[in-house]
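Structural overview for review
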Amino acid sequence: MMMEQGEYKDSIILALRQKYEEERDKHRAIEQERGAGEDIATVRRVSLLEGKCSILLPESMTDMGEMERMVKYRNRNKPLLIKTDEMGDATIIFHMLPKEEKGRMDIGKELEEIRGKMRRIWKQNVFYDTGKVLAGELQVAWMDFRTFCLDGSLYCLLFLFEAGELTVLGNFHCSFPKYDMWKPVILKLLTTIETDAETRRKP
C-alpha cells in the first residue's frame, strides 16, 4: 500500500527529529565530562578526510596555523588535519596510514603491534592502558602513554579506526598534568565518530 503524502512528510519530520535528538544527546554527554575552568563546554561536528568521516570536537579546538605546523611537524609525513586549543596545549591529529598498511584488519591487533614497536624504539615512554570504544557499530581502538620532551612531559592517546577503505590513525596529546581531565573527554569524543558507512545505516 502506498504511503499518503501527509504520512510521508510525517515520517521525514520524525526522522529529522530523531537525528537532532541523537546529536543533542551526544553534546550533553560530552559536556558532562568537561573539566572545571576548561573551555570545552561546547562541541561541534568536524568533517575529516574530505568528508569520509567526522567527529565532535570542542569549539576551542581550531586548525593549527601553517607556521606552527612546520615548526612542530617537520617530517615529510605531515598529518592531514591538526586541531589545537588557543594555548597550543591540547592537540588532536588525524592522518591516514600508508597504503600498504591499510585494508581490512583487526584494529586492536594492529594497534597492539604499533604499541610494541613504540616500546622498542622509545624506551623512555611510560605506557598505560589499551582498549576499544564503540561509535555506533564502528570500533575504535586506543592506547595511551606518557612521553618526555625538553620542557616536561606529554600525555598521549593514540587511536585507530577504519573509514570505508581508509584506515585513520589519530593522536591526542596535552601537557601531562592535565591528562586526568582530558582522558575521559577524548574517550567520549571517540564514540561520536561517524563514517560514510555508519551514516548510511541511519534512517
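As a reminder, the structure under discussion sits directly above these lines.
Read on for a plain summary of the structure. (Residues numbered from 1 in each chain as written. Predicted model: local features only at pLDDT ≥ 70, side-chain atom pairs only at ≥ 80, totals over all residues. Heavy atoms only, no water.)

**A word on the packing of aromatic side chains**
Working definition: an aromatic ring pair is given by the centre-to-centre distance plus the angle between the planes. What the rule picks out here adds up to 5 aromatic pairs. Look at Phe94 and Phe159: their rings are 5.8 Å apart centre to centre, the planes differ by 70 degrees, and that puts the pair in the edge-to-face class. Taken together, the residues Phe94 in strand β5 (residues 91–96) and Phe159 in strand β8 (residues 152–163) connect sequence positions 65 residues apart. According to the relative accessible area criterion, Phe94 is buried, its value standing at 1%. Between Phe176 and Tyr179, the ring centres sit 5.0 Å apart and the planes meet at 25 degrees, which makes this aromatic pair stacked. The class for Phe176 is buried, based on a relative accessible area of 13%. On the accessibility criterion, Tyr179 (33% relative accessible area) is partly exposed. In textbook terms, an aromatic cluster arises when at least three aromatic residues are bridged by ring pairs, as seen for Tyr155, Phe176 and Tyr179. For Arg146, the ring lying beneath its charged end belongs to Phe176, and the centroid distance is 3.8 Å. (Phe/Tyr/Trp six-rings, centres within 6.5 Å; stacked < 30°, edge-to-face > 60°. Helix = DSSP H or I, 4+ residues; strand = E, 2+ residues; numbered from the N terminus. Buried < 20%, exposed > 50% of the residue type's maximum accessible area, 1.4 Å probe, protein only. Lys NZ or Arg CZ within 6 Å of the ring centre and 35° of its normal.)

**So, the sheet that holds strand β1 (residues 43–48)**
Sheets are built from strands that pair by backbone hydrogen bonding, the pairs being arranged parallel or antiparallel. Taken together, the 3 strands give an open sheet; going across it, the order is β1-β2-β10, and neighbouring strands pair in antiparallel fashion. In the strand order of this sheet, the two ends are held by β1 and β10 (194–195), each with one partner. Alignment of β1 against strand β2 (residues 53–58), held across 6 bridges, turns out to be antiparallel. Paired with Arg44 across the bridge in β2 is Leu57. Its contacts with the sheet put helix α4 (residues 179–190) on β1 and β2, and the angle it makes with β2 is roughly 150 degrees. (Pairing = 2+ DSSP bridges. Contact = heavy atoms within 4.5 Å. Axes fitted to C-alpha atoms, helices over the stretch in contact; angles between N-to-C directions.)

**Section: α4**
The terminal C-alpha atoms of α4, which comprises 12 residues, lie 16 Å apart, in line with the 16 Å expected from a rise of 1.5 Å per residue. Among the residues making up α4, those that are buried are Met181, Trp182, Lys183, Val185, Ile186, Leu187, Leu189 and Leu190. (Expected span 1.5 Å × (residues − 1).)

**Brief notes about the sheet that holds strand β3 (residues 62–63)**
Strand order in the open sheet made by the 7 strands is β3-β4-β5-β9-β8-β7-β6, with antiparallel pairing throughout. Each having just a single partner strand, β3 and β6 (126–135) make up the two edges of the open sheet. Summarising the sheet, β5 and strand β9 (residues 166–175) pair through 6 bridges and their orientation is antiparallel. Along β9, the bridge assignment pairs Thr91 with His173. Across the sheet, helix α3 (residues 107–121) touches β6, β7 (138–149), β8 and β9, and the angle it forms with β7 is around 10 degrees.

**Things to note about the pairing of β6**
The sheet contact formed by β6 and β7 spans 8 bridges and is antiparallel. Opposite Gly131, over in β7, you have Trp142 as the bridge partner. Linkage of β6 to β7, two consecutive antiparallel strands, is achieved through a turn of 2 residues, within which Gly136 is found at a positive phi near 70 degrees.

**With respect to the nonpolar core**
Residues Phe159, Phe161, Phe172, Trp182 and Leu190 are the most contacted members of the largest nonpolar core, which totals 36 residues. Contributing elements (two or more residues each) for this core: β1, β2, β5, β6, β7, β8, β9 and α4. Ranked by residue count, the leading element in this core is α4, at 7 residues. When neighbours within four sequence positions are excluded, Phe159 is seen to be in contact with Ile92, Ile93, Phe94, Val140, Ala141, Trp142, Val168, Leu169, Gly170, Asn171, Phe172 and Leu190. By size, the runner-up hydrophobic cluster in this structure holds 13 residues, among which are Ile107, Ile114, Ala141 and Phe145. (Core = buried A, V, L, I, M, F, W, Y, C linked by side-chain atoms within 4.5 Å.)

**Re the environment of Ile92**
Structurally, Ile92 can be placed in strand β5. What makes Ile92 buried here is its relative accessible area of 1%. Setting aside anything within four residues of it in sequence, one finds Ile92 in contact with Leu57, Met61, Leu81, Ile82, Lys83, Phe159, Asn171 and Phe172.

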